Amino acid sequence: PGADVMVSVRADAAVAMVVDPSTIRFAADESVTDYHAPLGSAGSTLLAETLADHGDRTFELDSLTQEELDAIVPELETVGATFDSEHHATTGVLFLPDTFDDWLMSIGKKERHETRRKRRKLEAEYGPWEVQTRGLDGIHAFCSLHRTAAGRKGDFMSDEMEAYFADLVANAGAVIHDLAVEDGTLASAFGWELDDGYYFYNSAFDATASHTSPGTVLLSALIERQIDRGAVVFDFLKGAETYKYRHGAEARPLFRITGRFA
């Protein structure tokens, strides 16, 4: 309540902020946004100027990479802000090798064996599988599968969140990849397949098939797909879950800046 979205644009920069009576911060909550950054070659300058224009408010800038932090800090100093920064989250980034076999070798003997074993086990029980790409036609099925998860994960997918995910497909280029067998879909991944790589935003799997690890099989198949098409990164996005590092990801720290103007 009382908050407004403000977009500042000029030829070489753009920033989107939420302004309420006491605070100005990046638009989009950090719980659903993995990276925040101003856009354009002069984005950091425009961001600092925008914050100064609302100098009667405190500001909070979350989900910044080290590179964004290094670019923004000098601009905040230029406009006279007082601020602190802290590490507040982590993403996991896998830098992809040239071949899938190279990736298998990189994750170590135990994980390599498990990846191959789980693929064989799933095929032995459900028959041949493939990865299918879906768009808006796959949204409801993905969200329905997501709701079958236990606890907070299943509760997360409300009707409002389903509409949000549909909007990401319709207007922000997100895609769904299904692990499909003859009898249906065993797992689904939701993310962005861009020129440089894949950005793994969310996932769901059929709990009745959990003994065959469909989520892990789909993940290895997505990594293989990205390598085959020449992508250079597989970004697991926010969260420090162990499975990301078992699959070769490196931790990327994210930072939060909080501050004010005297």
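1. Focus: the packing of helix α1 (residues 43-53) against helix α2 (residues 66-78)
In contact at an axis separation of 9 Å, α1 and α2 are set at 40° when each is read in the N-to-C sense. When the axis of α1 is compared with that of α2, the two are oblique. Of the two possible hands of crossing, α1 and α2 adopt the one that is right-handed. Packed against α1, whose contacting residues are Ser44, Thr45, Leu47, Ala48 and Leu51, the element α2 presents Ala71, Ile72, Glu75 and Leu76 at the interface. Within the contact of α1 with α2, the residues separate by chemical class into six nonpolar, two polar and one charged.

2. A short note on the pattern of salt bridges
Per the stated rule, a full pass over the model turns up 18 salt bridges. The shortest N-O distance in the salt bridge between arginine 57 and aspartate 56 comes to 3.1 Å. In this structure arginine 57 comes out as buried when scored by relative accessible area, which is 18%. Taking relative accessible area as the criterion, aspartate 56 reaches 64% and is therefore assigned exposed. Aspartate 235 is the salt-bridge partner of arginine 252, the closest N and O atoms lying 4.0 Å from each other. Here arginine 252, found in strand β11 (residues 250-261), pairs with aspartate 235, found in strand β10 (residues 233-238); they are 17 residues apart in sequence, far enough to count as distant. Take aspartate 235: its relative accessible area is 2%, and that puts it in the buried class. Linked through salt bridges whose partners overlap, the residues forming this network are Glu30, Glu60, Glu86 and Arg256.

3. Thoughts on α1
Of the positions making up α1, those classed as buried are Gly43, Ser44, Leu46, Leu47, Ala48, Thr50 and Leu51. Along its buried surface, α1 packs onto β1 (4-10), β2 (13-19), β3 (23-26), β4 (58-64), α2 and β11.

4. Some words on the environment of valine 19
Mapped onto the elements of the fold, valine 19 is located in strand β2. A sequence separation of 48 residues divides valine 19 from glutamate 67, and the C-alpha atoms of the two residues are 25 Å apart. Other than its neighbours up to four places away in sequence, valine 19 contacts Gly2, Ala3, Asp4, Met6, Ile24, His54 and Arg57.

5. With respect to the sheet that holds strand β5 (residues 81-95)
With mixed pairing, the eleven strands of this open sheet are ordered in space as β1-β2-β3-β4-β11-β5-β10-β9-β8-β7-β6. Each edge of the open sheet carries a strand with a single partner, namely β1 and β6 (130-134). Taken pair by pair, the neighbouring strands of this sheet meet at an average axis angle of 30°, ignoring direction. Here β1 pairs with β2 via seven bridges, running antiparallel. Residue serine 8 lies in a different strand from β2, and its bridge partner there is valine 15. Its contacts with the sheet place α1 against β1, β2, β3, β4 and β11, and it is angled at close to 35° to β2. α2 rests against β4, β5 and β11 of the sheet, and its axis sits at about 15° to β11.

6. Details of a nonpolar patch on the surface
Taken together, Val5, Val7 and Val9 make up a surface patch of nonpolar side chains, about 310 Å² in accessible area. Within the secondary structure layout, valine 7 lies in strand β1.

7. Observations regarding the packing of aromatic side chains
Both the distance between ring centres and the angle between the ring planes are used here to describe each pair of aromatic rings. A complete count under the given rule lists 17 aromatic pairs for this structure. Considering the side-chain rings of phenylalanine 100 and tryptophan 103, the 5.4 Å spacing of their centres and the 25° angle between planes classify their relative orientation as stacked. Linking phenylalanine 100 with tryptophan 103, this pair stays in helix α3 (residues 100-106), spanning three residues, or about one helical turn. Classification of phenylalanine 100 by relative accessible area gives buried; the value is 12%.

8. A closer look at the pairing of strand β9 (residues 197-205)
In terms of burial, β9 is a largely internal element, seven of the nine residues being buried. As paired strands, strand β8 (residues 184-193) and β9 are joined by seven bridges and run antiparallel to one another. For tryptophan 192, the partnering residue across the bridge sits in β9 and is tyrosine 199. Hairpin connection from β8 to β9: three residues lie between these consecutive antiparallel strands. Where β9 and β10 come together, three bridges link them in parallel fashion. Following the sheet pairing, tyrosine 199 is matched in β10 by aspartate 235.

About the criteria used
- Residues numbered from 1 in each chain as written.
- Predicted model: local features only at pLDDT ≥ 70, side-chain atom pairs only at ≥ 80, totals over all residues.
- Heavy atoms only, no water.
- Axes fitted to C-alpha atoms, helices over the stretch in contact; angles between N-to-C directions.
- Helix = DSSP H or I, 4+ residues; strand = E, 2+ residues; numbered from the N terminus.
- Parallel < 35°, antiparallel > 145°, perpendicular 65-115°, else oblique.
- Left-handed = near helix turned anticlockwise from the far one by under 90°.
- Contact = heavy atoms within 4.5 Å.
- Nonpolar A, V, L, I, M, F, W, Y, C, P; charged D, E, K, R; others polar.
- Salt bridge = Lys/Arg side-chain N within 4 Å of Asp/Glu carboxyl O.
- Buried < 20%, exposed > 50% of the residue type's maximum accessible area, 1.4 Å probe, protein only.
- Pairing = 2+ DSSP bridges.
- Patch = residues over 30% accessible without salt bridge, like charges linked within 9 Å, V, L, I, M, F, W, Y side chains within 5 Å.
- Areas by Shrake-Rupley, 256 points an atom, 1.4 Å probe, with all protein chains shown as cover.
- Phe/Tyr/Trp six-rings, centres within 6.5 Å; stacked < 30°, edge-to-face > 60°.

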